[in-house]
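Inside the fold
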Amino acid sequence: MLRILTDSTADLPTALAQRMQVEVVPLQVTFENGDTYRDGLDLPPEEFYERLSECHKLPSTSQPSPEAFEKAFNDARDAGDELIAILLSGKISGTYQSAQIAASLVDYDKIYLIDGLSATLGNQLLVRLAVELRDEGRSAGEIVSILEEEKHKVRLLAVVDDLKYFRKGGRLTGAEAFAGAVLGIKPVVGMKDGHVGLVGKARGMPGAYVALFKLLDQDGGLDPDKRYLVGYTAHHRTVEPIQKYLIGNLHLPAAEVFHIGPVIGTHAGPGAAGIAYFAKGED
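A brief look at the structure comes next.

On inspection of all chains with the given rule, the structure shows 15 salt bridges. A salt bridge links Lys 71 to Asp 75, with the nearest nitrogen and oxygen atoms 3.1 Å apart. Of this pair, Lys 71 and Asp 75 both sit in helix α3 (residues 66-79), 4 residues apart, which is roughly one turn of that helix. Assessed through its relative accessible area of 55%, Lys 71 is described here as exposed. Accessibility expressed as a relative area gives 31% for Asp 75, which makes it partly exposed. Note that Glu 256 is salt-bridged to Arg 128, the shortest N-O span being 2.7 Å. In this pair, Glu 256 sits in strand β12 (residues 256-259) while Arg 128 sits in helix α5 (residues 120-135), placing the two residues 128 residues apart along the sequence. Residue Glu 256 is classed as partly exposed on the basis of its relative accessible area of 35%. Each member of the salt-bridge network shares a partner with another, and the members are Arg 128, Glu 132, Arg 227 and Glu 256.

A few words now on the nonpolar core. Ile 84, Ile 86 and Leu 147 are the most contacted members of the largest nonpolar core, which totals 43 residues. Elements represented by at least two residues in this core include exactly β1 (2-7), α1 (14-20), α2 (45-53), β6 (82-87), α5, α6 (140-150), β8 (154-159) and β13 (273-278). Leu 147 has contacts with Ile 84, Ile 86, Ile 114, Leu 126, Leu 129 and Ala 130, leaving out every residue within four places of it along the chain.

Our focus in this paragraph is the sheet that holds β6. With respect to topology, 4 strands assemble into an open sheet ordered β2-β1-β6-β7, the strand pairing being parallel. Here the strands that pair on one side only, and so sit at the sheet edges, are β2 (22-25) and β7 (111-115). With direction set aside, neighbouring strand axes in the sheet form an average angle of 20 degrees. The pairing of β1 with β6 spans 5 bridges and is classified as parallel. Its bridge partner being in β6, Arg 3 is matched across the sheet by Leu 83. The strands touched by α3 are β1, β2, β6 and β7; relative to β1, the strand with the most contacts, the crossing angle is about 175 degrees. Sheet strands touched by helix α4 (residues 95-106): β1, β6 and β7. Its angle to β7, the strand with the most contacts, is close to 165 degrees.

Moving on, we come to the environment of Pro 44. Tracing the sequence through the fold places Pro 44 in the loop between β4 (36-38) and α2. The class for Pro 44 is partly exposed, based on a relative accessible area of 41%.

Here we take up helix α9 (residues 204-216). Taking 1.5 Å per residue, 13 residues should reach 18 Å; α9 reaches 19 Å between its end C-alpha atoms and fits that length. What α9 keeps buried is the set Gly 204, Met 205, Ala 208, Tyr 209, Ala 211, Leu 212, Phe 213, Leu 215 and Leu 216. Looking at the buried residues of α9, the elements they touch are β8, β9 (185-192), β10 (195-203), α10 (240-249) and β13.

Turning our attention to the layout of surface pockets. Here the largest pocket defines a volume of roughly 600 Å³. Lining the largest pocket are 33 residues; nearest its centre among them are Ile 92, Ala 119, Val 196, Ile 264 and His 267. For the lining of the largest pocket, the elements supplying multiple residues, two or more each, are β5 (60-62), α5, β8, β9, β11 (229-232), α11 (262-268) and β13. Considering every element that reaches the lining of the largest pocket, the biggest residue donor is α11, with 4 residues. When the residues that make up the lining of the largest pocket are grouped by side-chain class, the tally is 21 nonpolar, 11 polar and 1 charged. There is about 430 Å³ of room inside the second largest pocket. Surrounding the second largest pocket, 19 residues form its lining, Leu 12, Pro 13, Thr 14, Gly 40 and Leu 41 being those nearest its centre. Only α1 and β2 provide two or more residues apiece to the lining of the second largest pocket. Tallying contributions element by element places α1 first for the lining of the second largest pocket, with 3 residues. Grouping the amino acids of the lining of the second largest pocket by side-chain chemistry returns 11 nonpolar, 6 polar and 2 charged.

Parameters at a glance
- Just so you know, the residues in each chain are numbered from 1, in the order the chain's sequence is written.
- Restriction of local features to residues with pLDDT of at least 70 applies here, the model being predicted, together with a cutoff of 80 or more for giving and counting side-chain atom pairs; totals for whole chains, interfaces and linings are based on all residues.
- Just so you know, side-chain values use all the structure's heavy atoms and leave hydrogens and water out.
- By salt bridge we mean one thing: a side-chain nitrogen of Lys or Arg within 4 Å of a carboxyl oxygen of Asp or Glu.
- Helix and strand definitions follow DSSP, with helices as H or I runs of at least four residues and strands as E runs of at least two, each counted in order from the N terminus.
- Each residue is placed in one exposure class: buried if its accessible area under a 1.4 Å probe, protein chains only, is under 20% of its type's maximum, exposed if it is over 50%, and partly exposed if it falls in between.
- Each nonpolar core is a collection of buried residues, namely Ala, Val, Leu, Ile, Met, Phe, Trp, Tyr and Cys, held together in the definition by side-chain atoms within 4.5 Å.
- Should any heavy atoms of two residues lie within 4.5 Å, those residues are counted as being in contact.
- Note on pairing: two strands pair once DSSP finds at least 2 bridges between them.
- In this description, a line fitted to the C-alpha atoms serves as the axis of each element, helices being fitted only across the stretch in contact, and the angle between N-to-C directions of two axes falls anywhere from 0 to 180 degrees.
- Any helix carries an expected span of 1.5 Å times its number of residues minus one.
- A 1.4 Å probe that fits into a set of points on a 1 Å grid over the protein atoms alone but cannot get out defines a cavity; an open set with protein on both sides within 12 Å along at least five of seven lines defines a pocket, and lining residues are those with an atom within 4 Å of a point.
- Grid points are joined across faces, edges and corners, and a volume is the space filled by probe spheres set on the points.
- Three classes are used: nonpolar for Ala, Val, Leu, Ile, Met, Phe, Trp, Tyr, Cys and Pro, charged for Asp, Glu, Lys and Arg, and polar for all others, with Gly counted as polar.

Spelled out as structure tokens, the structure:
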């Protein structure tokens, strides 16, 4: 049997994970009063974003311990199963490192760790691909080889409504955030090959969506033959411009929509919306 595992920042809903037989290891989010919740399990996104908007201090997020992965790895070893773990980018979190430590403790050569080099829906794309390949009967080695190639084609773009969460998270100075607020500047955030940062900006949310669409057309554009996903942090309506662009401009079906969970939402803040896709024309 081939097991597939990911962490909670892939924002894979519990029901969907169970249906696809994917195990999810949660990260944690801790509020300023000390309340700690397991990402995707203990706190509904709607309640999380309500609390986030009232926070004076940004909640902290923490990676799973090696022990959290060790149990899953031991279970696979004891059953004689192979296991592929697709995890949050090691360039922005220690989650992948925790899994490496656990794998070294278990010392079982049928555990394969993949640094997804992405987050949220970007990694969910890789998890969904792994499931499809598993269900086709591909071997673990084949799946790992394909994922290691495809992960470099994954793109993640998002518009962000409020710069203060990036400021609180240390990605902007207070002066930059203040200037952005005064001018109504809205950033576009991108993730590629494990790195996340500001890749564009515009005045007002309509302008930010246009900037996102222009970025989407770069790198050869979205590969229409592969899965693409859209997500939002608090308000479902924020994905509507992206859906309209997919349908009206790219002549594609609407994307599946997902609610982005607490760990990623802590840094994006309420009102963000984005798209994850495979770029075409990439080597």
